[in-house]
Structure formats: C-alpha cells, structure tokens
Amino acid sequence: PLDRILRNYRSRGKKLEPGIALRILGKVCAALEYAHTLSTREGSSLGIVHRDLKPGNVMIGSFGEVLVMDWGLAKASGADPGEETSGGEGAREPALENLDRYLASRAPDTDRTQVGSVLGTPVYMPPEQAEGKIEEVDAQSDIYSLGAILYQMLTLEAPFQGNRVAVILAHVLNGNFPPPRECNPEAFIPRDLEAVVLKAMAQKKTDRYGTVAEMKEDIQAYLDGRTLGAASYTPLQLLG
C-alpha cells in the first residue's frame, strides 16, 4: 500500500522524489480517467466515481504496477442520490453540526473510511463530501482526493491534522491546510507541483481541474519539462 511506503520514507527521514511520485500518480489518474468515462454497451454514460481515494487504496507492485483498490463506496455518476439515504426525497447525509453523536460511537482513526452518515475518509475527502452533499459528489470530487494524495506524497504529511473526525471535517469544510511548501520546507517541493496540488484541492469545484485527464496532462508536462496549466509564469520563467 502507498501509505505504508510513505510511512517508511518518513520514518527514515527521506523524501519521495517528485518524479517517482508523479509516475505513480499518473497511473492512478489513468485508472480514474478510465472509470470516470465508462459507458454501457448501449453507449450510455456510466461514469464511476470512487469516493474513497487515499494512499491506503493505492497498491504498488515490485515492477512498477499501480492498482487502485477498494471500490466499495463507488457509484455511477448518474445514480440517484436518494438511493443512498433513508431520509426520503431530497434528503442529504447530515452536515458537520449533526455528526458528533454519530461519530462518538465510531473509531477515532481519521484515515479510515467512515461508513454511514459521511461516506469516505475524512483526511482525503472534498468539502462537498464532508458536508454530506452526496448529490454533488462527482469526478471532480475524486480529483480533490488525488490532490490530497499528491500532497502527502510530496510532504509525507496528510493535508489535514486532528485527533477527532469532527475536527478534521471542520478543517476540510474551511479549507484549513498549509500549502505543501509551507508544510514541509525541507522537502524543497517545486512551485509547479504545489500549484497542481492547490488546483486539485480547490474549495470550489469550478476552480479544480475539469477532468482527471487535465490533471494527468499537467503531471506529464512537469515530467517533460514543459509549463503547467495550473502554474503561472513570468516571461523570464517562460523563456527558461
């Protein structure tokens, strides 16, 4: 599991080289791009949203294989959100202020999947998912989680910290996380890659990458030494 690899790097005081991180994430993006664009034999759209992307659900093989695992919370993007809640028509999963009673009976681990009122893993979930707006969870929600995974690959820290799930969710809803280069200055994270993380993890869905393919293109652009769509450049930087 990728989370075990990252823990090993952290325990040894080493960092995961950006090139290695991006090659892994590029393969994760390819898997998600495939899932998001699935269609039925009849040609109708059947895009699948994972909804629980995290390092623990990414498996790395000895020969560079990358597998995205645990699609237990996945749903077709066209599914009726009312099918996932028992609250009747127009019902939503409870927002943050209604969670404490539910979460009090749950395990405190903030990097484990919460099944019930809020689906997903708090540390990596986008704000619309943390707020329980399941009708708004779509491919761009997975893009947010991809950004959170890249954040941890670059910094070896999760983007949100806290010892209670409700605290983590509050940080997610408010976008309270330090930029990657501020989180771990000693990692010397390239400015371009920080821009990729911040675009993917934007609070507003309209500010994120429009598709996983766009994010994957920025990843490949960095590997190729090209300019990235997420970053801004001075004329001198463009010339360089």
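Scroll up to find the structure this text is about.
Residues numbered from 1 in each chain as written. Predicted model: local features only at pLDDT ≥ 70, side-chain atom pairs only at ≥ 80, totals over all residues. Heavy atoms only, no water.

**Q** Could you clarify how one ought to interpret the packing of helix H5 (residues 139–155) against helix H8 (residues 191–200) in this entry?
**A** Angle between the axes and distance between the axes: these two values describe a pair of packed helices. With their axes 7 Å apart at the nearest point, H5 and H8 run at an angle of 145° to one another. With respect to the hand of their crossing, H5 and H8 are arranged in left-handed fashion. Of the residues in H8, those in contact with Ile 143, Tyr 144, Gly 147, Leu 150, Tyr 151 and Leu 154 of H5 are Leu 193, Val 196, Val 197 and Ala 200. Tallied by class, the residues present in the contact of H5 with H8 amount to nine nonpolar, one polar and no charged. (Axes fitted to C-alpha atoms, helices over the stretch in contact; angles between N-to-C directions. Helix = DSSP H or I, 4+ residues; strand = E, 2+ residues; numbered from the N terminus. Left-handed = near helix turned anticlockwise from the far one by under 90°. Contact = heavy atoms within 4.5 Å. Nonpolar A, V, L, I, M, F, W, Y, C, P; charged D, E, K, R; others polar.)

**Q** Please clarify how unusual backbone geometry should be interpreted in this entry.
**A** Keep in mind that most residues, glycine aside, have a negative phi and that most peptide bonds are trans. Here the phi dihedral of Arg 51 falls at roughly 75°; this positive angle occurs in a residue that is not glycine. Its location among the elements puts Arg 51 in the loop between strand S1 (48–49) and strand S2 (58–60). Overall, the relative accessible area of 6% leaves Arg 51 in the buried class. For Leu 156, which is not glycine, the phi dihedral falls at a positive 65°. One can find Leu 156 in the loop between H5 and helix H6 (165–174). By relative accessible area, Leu 156 is classed as buried at 9%. (Buried < 20%, exposed > 50% of the residue type's maximum accessible area, 1.4 Å probe, protein only.)

**Q** Would you mind showing me how to read the side chain of Asp 218 here?
**A** Inspection of the secondary structure puts Asp 218 in helix H9 (residues 212–224). Lys 199 is the oppositely charged side chain nearest to the buried, salt-bridge-free Asp 218, at an N-O distance of 7.1 Å. In terms of polar contacts, Asp 218 uses its side chain to reach the side chain of Tyr 209, at 2.7 Å. Those residues within four positions of Asp 218 in sequence are excluded, and the remaining contacts are Val 196, Tyr 209, Leu 228, Gly 229 and Ala 230. (Lys, Arg positive; Asp, Glu negative; His and termini not counted. Salt bridge = Lys/Arg side-chain N within 4 Å of Asp/Glu carboxyl O. Polar contact = N/O pair within 3.5 Å; in protein donor to acceptor, adjacent residues only side chain to side chain.)

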